[in-house]
Amino acid sequence: MRLDKFLKVSRIIKRRTVAKEFADNGRALINDRVAKSSTEVSVGDQLELHFGEKTMKIKVLNIKETTKKTDSADMYEEID
């Protein structure tokens, strides 16, 4: 699944266009490599997302094409 779609489906970022801009500006890393919006995300990948002053590190647990709001948190876990 594309990075921008994963961020949207998992509800880390609300809109896919915002997720695309976010990734294309070099603010997302997959396994310690800068990722563009079209970069493929796989189960087990570690993402590092830079939101201004805040950095969010997550591990991909599951990939689904669509989810309900209650199930979206099962797609990833936060890492310290």
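Residues numbered from 1 in each chain as written. Predicted model: local features only at pLDDT ≥ 70, side-chain atom pairs only at ≥ 80, totals over all residues. Heavy atoms only, no water.

Trainee: For the environment of R27, give the residues involved together with the corresponding values.
Mentor: Checked against the element boundaries, R27 lands in the loop between α2 (16-24) and β1 (28-30). Between the C-alpha atoms of R27 and E48, which are 21 residues apart in sequence, the distance is 8.2 Å. Each residue touching R27, except ones within four places of it in the same chain, is listed here: F22, E48, L49, H50, F51 and G52. (Helix = DSSP H or I, 4+ residues; strand = E, 2+ residues; numbered from the N terminus. Contact = heavy atoms within 4.5 Å.)

Trainee: I'd like a description of unusual backbone geometry, backed by residues and values.
Mentor: Its identity as a non-glycine residue notwithstanding, R11 has a phi of 65°, on the positive side. Mapping R11 onto the fold places it in the loop between α1 (3-9) and α2. Taking the relative accessible area as the measure of exposure, R11 reaches 39% and is therefore partly exposed. Unlike most non-glycine residues, N31 shows phi in positive territory, near 50°. By the secondary structure assignment, N31 is in the loop between β1 and β2 (33-34). (Buried < 20%, exposed > 50% of the residue type's maximum accessible area, 1.4 Å probe, protein only.)

Trainee: Run through α2, naming residues and quoting values.
Mentor: For α2, the complete set of buried residues consists of A19, F22 and A23. Looking straight down α2, one finds that the buried residues subtend no more than 90° of arc, so they occupy a single side. Along α2, the residues that are exposed and aim more than 90 degrees away from the buried face are T17 and E21. Against α1, β1 and β3 (46-51) lie the buried residues of α2. G26 sits one or two positions beyond α2 and adopts a positive phi of about 75°. (Arc of directions from axis to C-beta.)

Trainee: Lay out the packing of aromatic side chains with the relevant residues and their values.
Mentor: Across all of its chains, the model carries one aromatic pair by this definition. Between F22 and F51, the aromatic rings sit 5.0 Å apart at their centres with planes inclined by 25°, giving stacked as the arrangement. Here the residue F22 occupies a position in helix α2, and F51 occupies one in strand β3, the gap between them amounting to 29 residues. With relative accessibility at 28%, the residue F51 sits in the partly exposed group. (Phe/Tyr/Trp six-rings, centres within 6.5 Å; stacked < 30°, edge-to-face > 60°.)

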